[in-house]
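Now for the letters of each chain:
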Amino acid sequence: MSATQNEAGYGTVNGVDLDAVQEGVADPSQTVLSARKLIKTFGKVIGLDGVDLDLYPGEILAIIGDNGAGKSTLIKAATGALTPDSGQLYLDGREVSFKTPQDARAAGIETVYQTLAVAPALDIAANMFLGRERRRSGPLGSVFRMLDKSGMKADAGKSMANLGIATVQNMGQAVETLSGGQRQAVAVARAATFATKFVVLDEPTAALGVKETGQVLNLIQQIRDKGLPVILISHNMPNVFEVADRIHIARLGGCAGVITPKSHTPTEAVAIMTGATTLQRG
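Structure report, in brief. Nothing here was measured: the structure is a model prediction, and the numbers come from that model.

Some thoughts on the overall build of the chain
For the chain, the count of helices and strands is ten helices and 13 strands. A burial count over the chain gives 48% of its 282 residues as buried. Across the chain, the fraction of contacts at a sequence separation of at least 24, relative to all contacts at a separation of at least 6, is 63%. Taken as a whole, the chain presents about 12800 Å² of accessible surface, with 51% of it coming from carbon and sulfur.

Re the nonpolar core
Counting 36 residues, the largest nonpolar core has Ile124, Met160, Ile165, Leu201 and Ile220 as the members making the most contacts within it. Those elements that place two or more of their residues in this core are α4 (124-128), α6 (149-162), α7 (180-194), β10 (198-202), α8 (210-225) and β11 (230-233). Ignoring anything within four residues of it in the chain, the contact list for Ile124 reads Met160, Val168, Asn170, Met171, Gln173, Val175, Leu178 and Val186. Of all hydrophobic cores here, the second largest spans 24 residues; its members include Leu33, Leu38, Ile109 and Ile231.

Overview of unusual backbone geometry
Here the phi dihedral of Arg145 falls at roughly 55°; this positive angle occurs in a residue that is not glycine. Relative to the elements of secondary structure, Arg145 occurs in the loop between α5 (139-142) and α6.

Focus: the pattern of salt bridges
Side chains carrying opposite charge are able to pair once their charged atoms draw close together. All told, the structure shown has ten salt bridges when counted by the stated rule. Here Asp85 and Lys40 are joined by a salt bridge, their closest N and O atoms 3.8 Å apart. Here the residue Asp85 occupies a position in the loop between α2 (71-78) and β7 (86-91), and Lys40 occupies one in strand β4 (residues 33-42), the gap between them amounting to 45 residues. Ionic pairing is found between Arg246 and Glu59, a salt bridge with its closest N-O pair at 2.8 Å. You can see Arg246 sitting in strand β12 (residues 246-251) and its partner Glu59 sitting in the loop between β5 (45-55) and β6 (60-64), a full 187 residues away along the chain. Of the two residues, Arg246 and Glu59, both sit in the buried class. Where salt bridges share partners, they join Arg105, Glu110 and Arg132 into one cluster.

Cut-off values and rules
Residues numbered from 1 in each chain as written. Predicted model: local features only at pLDDT ≥ 70, side-chain atom pairs only at ≥ 80, totals over all residues. Heavy atoms only, no water. Helix = DSSP H or I, 4+ residues; strand = E, 2+ residues; numbered from the N terminus. Buried < 20%, exposed > 50% of the residue type's maximum accessible area, 1.4 Å probe, protein only. Contact = heavy atoms within 4.5 Å. Areas by Shrake-Rupley, 256 points an atom, 1.4 Å probe, with all protein chains shown as cover. Core = buried A, V, L, I, M, F, W, Y, C linked by side-chain atoms within 4.5 Å. Salt bridge = Lys/Arg side-chain N within 4 Å of Asp/Glu carboxyl O.

See below:
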């Protein structure tokens, strides 16, 4: 991604004016995903307070914020896990409304939650095709409803190889025998295999060691480099500044600003996130 500084100091990414993004006036037809004025309340608690969000083709967009800032609520509202009270969502410039996560998946959006949602007792291939199992061709599949296990294992192996995942070789290995990083790789590879619009990763390195964290960050970059944009939710500032192209800062149910690793330091990002300072403009 190419980043340059504009007159206001926030820069551009792939020709995108970050000042327009920050003001929420970016043209949805130029984005993969746009959210406009999303509001979500839980009784008297405000989860989202008129939030705008833009995800552009071929980028890693990080979302950071303190606990309760609205990060998870924003993503759930954008992927069908929650229905916003008001506001609009645009996918490739077309207004959409997701009532369930299945609606979002059908539209080409895949989300990897912090809990991973893998079935430990099943093997890697079965997890990769969980909910998308393929039957064998002919009467064996249509009449006897037999699964194409060999075909799914072969395709799972190809998906892993295409993403450069070399630490997992046997697609028939039970997921419960894998390390934390390998399980994360399976979940991320599944998302990357079936997503056609973008992938959402919620705290993908939260429970990983240094080596495994590096592997997952490399995997995120591999997904982006193959042309699939990524939304990364993380508390880890070094990780965010290592891989993100732009950083959306959530605060008190709103957006405190959109920055880049080129325009601000991790310390400045944390100060904006906590309210110690505000994003200076002009």
